[in-house]
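# Fold and geometry: a report
Listed below are the residues making up each chain.
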Amino acid sequence: ETGVTQTPRHLVMGMTNKKSLKCEQHLGHNAMYWYKQSAKKPLELMFVYNFKEQTENNSVPSRFSPECPNSSHLFLHLHTLQPEDSALYLCASSYSGGLRPEQYFGPGTRLTVT
Amino acid sequence: LAKTTQPISMDSYEGQEVNITCSHNNIATNDYITWYQQFPSQGPRFIIQGYKTKVTNEVASLFIPADRKSSTLSLPRVSLSDTAVYYCLVGDKDDMRFGAGTRLTVKP
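Residues numbered from 1 in each chain as written. Chains lettered and ligands numbered in written order. Predicted model: local features only at pLDDT ≥ 70, side-chain atom pairs only at ≥ 80, totals over all residues. Heavy atoms only, no water.

Further remarks concern the overall build of chain A. Check the secondary structure of chain A and you find 0 helices and 11 strands. In chain A, the succession of helices and strands from N to C terminus is β-β-β-β-β-β-β-β-β-β-β. For a compact globule of 114 residues, the expected C-alpha radius of gyration is about 13 Å, and chain A comes in at 13 Å, within 12% of that figure. Projecting the C-alpha coordinates of chain A onto the three principal axes gives extents of approximately 40 × 30 × 25 Å. Buried positions account for 48% of the 114 residues belonging to chain A. By element, 51% of the accessible surface of chain A is carried by carbon and sulfur atoms, the whole surface being about 5,400 Å². (Helix = DSSP H or I, 4+ residues; strand = E, 2+ residues; numbered from the N terminus. Rg over C-alpha atoms; globule rule 2.2 N^0.38 Å. Buried < 20%, exposed > 50% of the residue type's maximum accessible area, 1.4 Å probe, protein only. Areas by Shrake-Rupley, 256 points an atom, 1.4 Å probe, with all protein chains shown as cover.)

Set out below in structure tokens:
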């Protein structure tokens with residue numbers, strides 16, 4: 001238990017569906033992250049939020065839309081995904097500011113796009 | 001952004017000490033060195049972090065030479081449950097990039 005929860009843990013969706021992934025952290029952190037981990041690939045950083053403001057978007061396709069309503073919650077809205085988007089989506093959080101990059105990860109959402 | 005290079009895989013036996021070395025020749029002055037462990041279908045878990053010299057916690061030790069161009073994660077007396085992928089990261093919190101990691105397999 002890392003203090004970061006993600007729901008759902010597993011999701012199967014068609015290419016025309018719209019779904020959302022949710023992340024919540026109970027650690028008092030003020031930075032939150034979305035990562036994508038495809039099979040046999042390194043983790044890819046997708047989005048970074050510091051104090052609810054998006055500070056990084058690593059050329060992620062617009063079919064992925066993040067939302068950070070407050071420092072404890074992070075969403076990833078999904079629409080018209082492709083089969084190659086099937087992956088483990090991981091959320092992480094950390095303290096913002098300073099130079100110590102210890103991130104706490106959630107258990108991930110296993111997404112399958114059919 | 002400093003790139004890291006680690007061995008793709010390593011094998012060990014229970015009870016042995018395992019040392020995984022990471023090269024990061026272009027490390028910047030402000031960069032910390034951080035190691036994570038990841039089990040299948042789980043998020044990475046922080047193991048240890050350092051800036052220079054040696055850091056030790058209840059799980060591992062991290063050795064960093066004076067030039068900081070490499071680092072070595074040392075796991076004492078590994079067990080079967082230490083079988084995982086180990087990632088070396090260099091950077092500050094908003095510029096961390098995970099590489100392919102080192103897949104450690106501990107055998108009985």
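What follows picks up the thread again.
Residues and elements named next belong to chain B. If you trace the 5 strands from one edge of the open sheet to the other, you get S1-S9-S8-S3-S4, paired in mixed fashion. Among the strands making up the open sheet, the edge pair consists of strand S1 (9-13) and strand S4 (45-50). Neighbour to neighbour, the strand axes of the sheet diverge by 25° on average, direction disregarded. Alignment of strand S8 (residues 84-91) against strand S9 (residues 102-107), held across 3 bridges, turns out to be antiparallel. By the bridge assignment for S9, Tyr 86 is matched with Thr 102. (Pairing = 2+ DSSP bridges. Axes fitted to C-alpha atoms, helices over the stretch in contact; angles between N-to-C directions.)

Our focus in this paragraph is the interface of chain A and chain B. Counting from both sides, the interface comprises 26 residues of chain A and, opposite them, 22 residues of chain B. Together chain A and chain B conceal approximately 1,900 Å² of surface at their shared face, both sides included; 53% is due to carbon and sulfur atoms. Taken together, chain A and chain B are joined by 4 residue pairs in polar contact (both at pLDDT 80 or more). Going through the elements one at a time, strand S4 (31-37), strand S5 (44-50) and strand S9 (87-94) of chain A are the ones with two or more residues in the side of chain A that touches chain B. The residue makeup of the side of chain A that touches chain B, split by class, is 13 nonpolar, 8 polar and 5 charged. (Contact = heavy atoms within 4.5 Å. Buried area = accessible area lost by both parts, 1.4 Å probe. Polar contact = N/O pair within 3.5 Å; in protein donor to acceptor, adjacent residues only side chain to side chain. Nonpolar A, V, L, I, M, F, W, Y, C, P; charged D, E, K, R; others polar.)

Next up on the list: the layout of surface pockets. Its boundaries defined by the atoms lining it, the largest pocket holds a volume of some 440 Å³. Taken together, the residues of the lining of the largest pocket break down into 9 nonpolar, 6 polar and 4 charged. Of the pockets and cavities examined, the second largest pocket occupies roughly 240 Å³. Forming the walls of the second largest pocket are 15 residues, and the residues nearest its centre are Thr 2, Phe 105, Gly 106 and Pro 107 of chain A together with Gln 42 of chain B. Sorting the residues of the lining of the second largest pocket by element identifies strand S1 (4-7) of chain A together with strand S3 (32-38) of chain B as the ones contributing at least two each. The dominant element in the lining of the second largest pocket, judged by the number of residues it contributes, is S1 of chain A, at 3 residues. Within the lining of the second largest pocket, the residues separate by chemical class into 5 nonpolar, 8 polar and 2 charged. (1 Å grid on protein atoms, 1.4 Å probe; cavity = no way out; pocket = protein on both sides within 12 Å on 5 of 7 lines; lining within 4 Å. Points joined across faces, edges and corners; volume = space filled by probe spheres on them.)

Moving on, we get to the pairing of S5 of chain A. Residues and elements named next belong to chain A. Of all 7 residues that make up S5, 6 are buried, and the element is covered over most of its length. In sequence, S4 turns back onto S5 through a hairpin of 6 residues, with Lys 40 there showing a positive phi of about 60°. Taken together, the 4 bridges between S5 and strand S6 (residues 53-57) define a ladder with antiparallel strand orientation. Looking at the pairing, Asn 50 lines up with Glu 53 of S6. Once S5 ends, the chain turns through 2 residues before running back antiparallel as S6, passing Phe 51 with a positive phi of about 50°.

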